[in-house]
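# Observations on the model geometry
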Amino acid sequence: MIELLNQNKKIDVLLIAEGTYPYIRGGVSTWIHDLITGISEKNFGVVFLGSRPEDYERIKYKLPDNLVYLSVDYLFNYERTIMPHERNANKENFRYIETLHKWFKENIDKNVDLPEKIKKLEFYLKEVKEEDFLFSREAWNFIIDMYTEYAEETPFIDYFWTIRNIHAPIWVVAKIASQVPDCDIVHSPSTGYAGFLASLISYHKKIPFVLTEHGIYTRERKIDLLNVDWLVDKRLFFQRDLGEVDHIRNLWIRFFESIGKFIYHASKIIISLFDDARKIQISYGADPDKCIVIPNGVDVEGYSQALKNRPKEIPRVITLLGRVVPIKDIKTFIKAMRIVVNRLPQAEGWIVGPTDEDPEYFEECKRLVEVYNLENNVKFLGFQNPKDIFPKTGILTLTSISEGMPLVILEGFAAGLPAVATDVGSCRQLIYGGLNEEDINIGKAGEVVPIANPEKLANAYIELLTDEEKWNAYQKSALTRVNKFYRKEQFLENYRKIYKEVLT
């Protein structure tokens, strides 16, 4: 663990940021920054949990004065790899590793809690150390037994490294949990490894754990795992049933499902951003009595100048503001732009957001632009200040295959910009209204279309760019909705109440 900032002041709330703040801009990072700066009467700490050091550049935010602690650590930092060496584990203690593995494997759909011993840091740090798991004879025999029982159709080398890669971060997280300073509350903006770290800190320090899920982490990892190329099903065709997921892929999926359930159990309050997400959390094992909804909010006044700067005519520019990664489905946007440009040759599609997270996907998107002959119409602008981009934009769009409650739609609304988005997360609620009758009666602030459907997207773009009366009506609804229901002051006040409640 590297401490980048430690003012030796009391930490009221310790946030766990997995791959986000302060190294990645936008999305959850913006949410964390707004939370810290908005609740200035409390001191915050941040534990940044990254993948590898080479995956991140410099800090992207001006750190607030009330951020009194910041540490950085990595789950897959191979520089600190322990050299292999022969060893024997304590057989009595090692049985708990088997318990842990079997709990992950067998208890997804059962209301079974982890053994108390496995919740304690001492178990990982003193009784069964990382090197016991990596190099002991007992670990080897355990993997052999599990492979023979469950995965003989899978190449052993793939099974062996999958088991190692799934479990190894558990010891990294345990070490971090033992090193963080004291705090009153631990707050994680996701499940996954961040939520697991927050759970261990909560159990170890006996402090309340607040969980806010922006998307449904477990479901997003499942989508990723079902589509990644690095997991190859090597079974022969006669070894497969139709639609059956291969064992290695299923191991990863079950791991994230199980760890998510463990995190829900450790949380004192489980927050989602919209009601459909709350229902999904419950379906994944969250206690309904712990689950509440707190929508995001934006600084409406902060976008007032962007609203004033809008030209009288609707710019024929469609802006997709987001990271260039597969889950944002940039390729469908590019395909839709081909249809738009056929009807409106001057139309432009701007893709505004970082391109370095998945360089291979970025290259594929650039090649698609060339294949569709859209070099003059589709532009990758990298990171830009949305307040500069919004006045030059006619439609804000999201083409994602999964979202939580995208702040960017609310920011666009505050700047007087209608949205066209895919039917994921809370996009339908934001664009059509859904909080209550008053919200629905405000009217539509854009259009919602199915995922991965370039034709529907293009038709919505064309209709909105060529119908000024409809565009103005949608703009009016957008401004009314964000002012009435999604202001930052409401969001911050809700979290002040949560922090007060969990300490009583």
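Overview of the structure.

### Looking at the overall build of the protein chain
Within the protein chain, the regular secondary structure consists of 20 helices and 14 strands. Its C-alpha atoms give the protein chain a radius of gyration of 24 Å, within 12% of the compact-globule value 23 Å for 504 residues. With the C-alpha coordinates aligned to their principal axes, the bounding extent of the protein chain is approximately 75 × 60 × 40 Å. Residue burial in the protein chain is summarised as follows: out of 504 residues, 56% are buried. Long-range pairs, those at least 24 residues apart, make up 75% of the contacts in the protein chain with a sequence separation of at least 6. When the accessible surface of the protein chain is summed, it comes to about 22500 Å², and 49% of that surface belongs to carbon and sulfur atoms. Charge separation in the protein chain, taken as the distance between the mean sites of 65 positive and 73 negative side-chain charges, equals 3 Å.

### Concerning the packing of aromatic side chains
On inspection of all chains with the given rule, the structure shows 27 aromatic pairs. Between Phe362 and Phe380 the ring centres are 5.2 Å apart and the planes differ by 80 degrees, which places this aromatic pair in the edge-to-face class. You can see Phe362 sitting in helix H13 (residues 359-371) and its partner Phe380 sitting in strand S11 (residues 378-382), a full 18 residues away along the chain. The class for Phe362 is buried, based on a relative accessible area of 14%. The exposure class assigned to Phe380 is partly exposed, which follows from its relative accessible area of 23%. Members of the aromatic cluster, joined through ring pairs, are Trp140, Tyr147, Phe156, Tyr159, Phe160 and Trp161. Against the face of Tyr61 rests Arg25, its NZ or CZ located 5.4 Å from the ring centre.

### Some words on the packing of helix H15 (residues 407-414) against helix H19 (residues 468-485)
Between H15 and H19, whose axes approach to 8 Å, the crossing angle comes to 115 degrees. The orientation of H15 relative to H19 falls into the category roughly perpendicular. The way H15 lies across H19 gives a crossing that is left-handed. Touching Leu410, Phe413 and Ala414 of H15 are Ala478, Leu479 and Val482, all from H19. Residues belonging to the contact of H15 with H19 are distributed by class as follows: 6 nonpolar, no polar and no charged.

### Details of helix H18 (residues 454-466)
The end-to-end C-alpha distance of H18 is 18 Å, a good match for the 18 Å that 13 residues give at a rise of 1.5 Å each. Every buried residue belonging to H18 is among Pro454, Leu457, Ala458, Ala460, Tyr461, Ile462, Leu464 and Leu465, and all of these are buried. Tucked into the core, H18 has its buried residues touching strand S9 (317-321), helix H12 (330-343), strand S12 (395-398), strand S13 (419-422), strand S14 (446-449) and H19.

Reading the values: the criteria
Residues numbered from 1 in each chain as written. Predicted model: local features only at pLDDT ≥ 70, side-chain atom pairs only at ≥ 80, totals over all residues. Heavy atoms only, no water. Helix = DSSP H or I, 4+ residues; strand = E, 2+ residues; numbered from the N terminus. Rg over C-alpha atoms; globule rule 2.2 N^0.38 Å. Buried < 20%, exposed > 50% of the residue type's maximum accessible area, 1.4 Å probe, protein only. Contact = heavy atoms within 4.5 Å. Areas by Shrake-Rupley, 256 points an atom, 1.4 Å probe, with all protein chains shown as cover. Lys, Arg positive; Asp, Glu negative; His and termini not counted. Charge placed at Lys NZ, Arg CZ, Asp CG, Glu CD. Phe/Tyr/Trp six-rings, centres within 6.5 Å; stacked < 30°, edge-to-face > 60°. Lys NZ or Arg CZ within 6 Å of the ring centre and 35° of its normal. Axes fitted to C-alpha atoms, helices over the stretch in contact; angles between N-to-C directions. Parallel < 35°, antiparallel > 145°, perpendicular 65-115°, else oblique. Left-handed = near helix turned anticlockwise from the far one by under 90°. Nonpolar A, V, L, I, M, F, W, Y, C, P; charged D, E, K, R; others polar. Expected span 1.5 Å × (residues − 1).

Geometric descriptors of this kind do not, in isolation, establish any biological role.
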